[in-house]
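Now for the letters of each chain:
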Amino acid sequence: MRLNIDYLAHKAELDPLTETVIYTGPIDAYFGYKLGYLEYRSVRFETELLDIPNFQGNAAVNYTDRETPWTRIIEHKWFEFGKDENGNDLPKTVISREYSSEWKPGDEPYYPVNDEKNSFLYNQYKALAEKEEGVIFGGRLAEYRYYDMDQVIASVLKQCEKELERS
């Protein structure tokens with residue numbers, strides 16, 4: 001196993017090391033964008049340390065009203081349960097506000113743009129992917145779709161069943 005390596009930059013070196021690659025990056029990047037770029041929405045984060053023990057009482061709050069410029073606030077301490085070793089509230093907290101942002105090549109892709117143009121382009125890339133041997137394309141970037149956690153698990157199980165049938 002190798003970590004923190006750009007698979008596409010080292011593909012020729014890495015592919016001979018395994019029979020099957022599980023590719024989770026952008027499907028259009030895998031094919032060198034030869035059919036064009038798929039479009040995404042991206043996210044920008046602003047993080048702040050606050051001198052209070054509790055900002056919102058849980059890990060994430062989504063904001064859907066037009067007046068609020070951010071889409072979500074994450075309070076990180078709740079992923080670590082927000083308490084010290086004695087069960088006391090930590091005296092400070094860290095929050096991150098998420099802002100939806102336009103995506104351009106080179107930015108981190110977060111959410112696929114589900115419109116007719118991008119669906120058509122994705123289906124062309126998917127047809128190329130189906131011809132690739134020894135590569136499983138999975139995840140939100142390789143499958144060009146937004147996933148809730150239950151959908152991710154269902155997709156992985158389906159991929160596993162398909163792979164096990166082959167062996």
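Figured I'd write up the structure that's included with this text.

Procedures and definitions
- Sequence positions are assigned chain by chain, starting from 1 and proceeding in written order.
- Under the rules for a predicted model, residues below a pLDDT of 70 receive no local features and side-chain atom pairs below 80 are neither given nor counted, while totals for whole chains, interfaces and linings still include all residues.
- Computation of side-chain values: all heavy atoms of the structure, hydrogens and water removed.
- The pairing criterion is simple: DSSP has to find at least two bridges between the two strands.
- Here a strand is any run of E in DSSP of at least two residues, a helix any run of H or I of at least four, and the numbering for each starts at the N terminus.
- To count toward a patch, a residue needs a relative accessible area above 30% and no salt bridge. Like charges then connect within 9 Å, nonpolar side chains (Val, Leu, Ile, Met, Phe, Trp, Tyr) within 5 Å.
- Each accessible area is a Shrake-Rupley estimate made with a 1.4 Å probe; only the visible protein chains count as cover when residues are assessed.
- Each reported salt bridge corresponds to a side-chain nitrogen of Lys or Arg within 4 Å of a carboxyl oxygen of Asp or Glu.
- Only four residue types enter the charge count: Lys and Arg as positive, Asp and Glu as negative, with His and the chain ends excluded.
- Lysine's charge is taken at NZ, arginine's at CZ, aspartate's at CG and glutamate's at CD.
- Think of it in three bands: residues with accessible area under 20% of the maximum for their type are buried, residues over 50% are exposed, and the middle band is partly exposed, with areas taken using a 1.4 Å probe on protein chains only.

A few words now on the pairing of strand S4 (residues 72–75). Direction of pairing for strand S3 (residues 60–62) relative to S4: antiparallel, over a ladder of three bridges. In the strand pairing of S4, Asn62 is matched with Arg72. In the sheet, S4 pairs with strand S5 (residues 93–102) via four bridges, with the strands oriented antiparallel. From the neighbouring strand, Ile73 faces S5, where its bridge partner is Arg97.

Here we come to a positive patch on the surface. Together, Lys126, Arg145, Lys158 and Lys162 make up a region of like positive charge exposed at the surface. Summarising the element assignment, Lys162 is placed in helix H4 (residues 149–166).

Glancing now at unusual backbone geometry. For Tyr33, which is not glycine, the phi dihedral falls at a positive 55°. Its place among the elements puts Tyr33 in the loop between helix H2 (27–30) and strand S2 (40–50). Even without a glycine there, the phi angle at Tyr144 is positive, about 45°. With respect to the helices and strands, the residue Tyr144 is situated in the loop between strand S7 (135–137) and H4. Classification of Tyr144 as buried rests on a relative accessible area of 5%.

With that out of the way, let us pick up the sheet that holds S3. Taken together, the five strands give an open sheet; going across it, the order is S3-S4-S5-S2-S6, and neighbouring strands pair in antiparallel fashion. Where the open sheet ends on each side, the last strands, each with one partner, are S3 and strand S6 (111–112). Sheet topology note: the S2/S6 ladder contains two bridges and is antiparallel. If you follow Tyr40 over to S6, its bridge partner there is Pro112.

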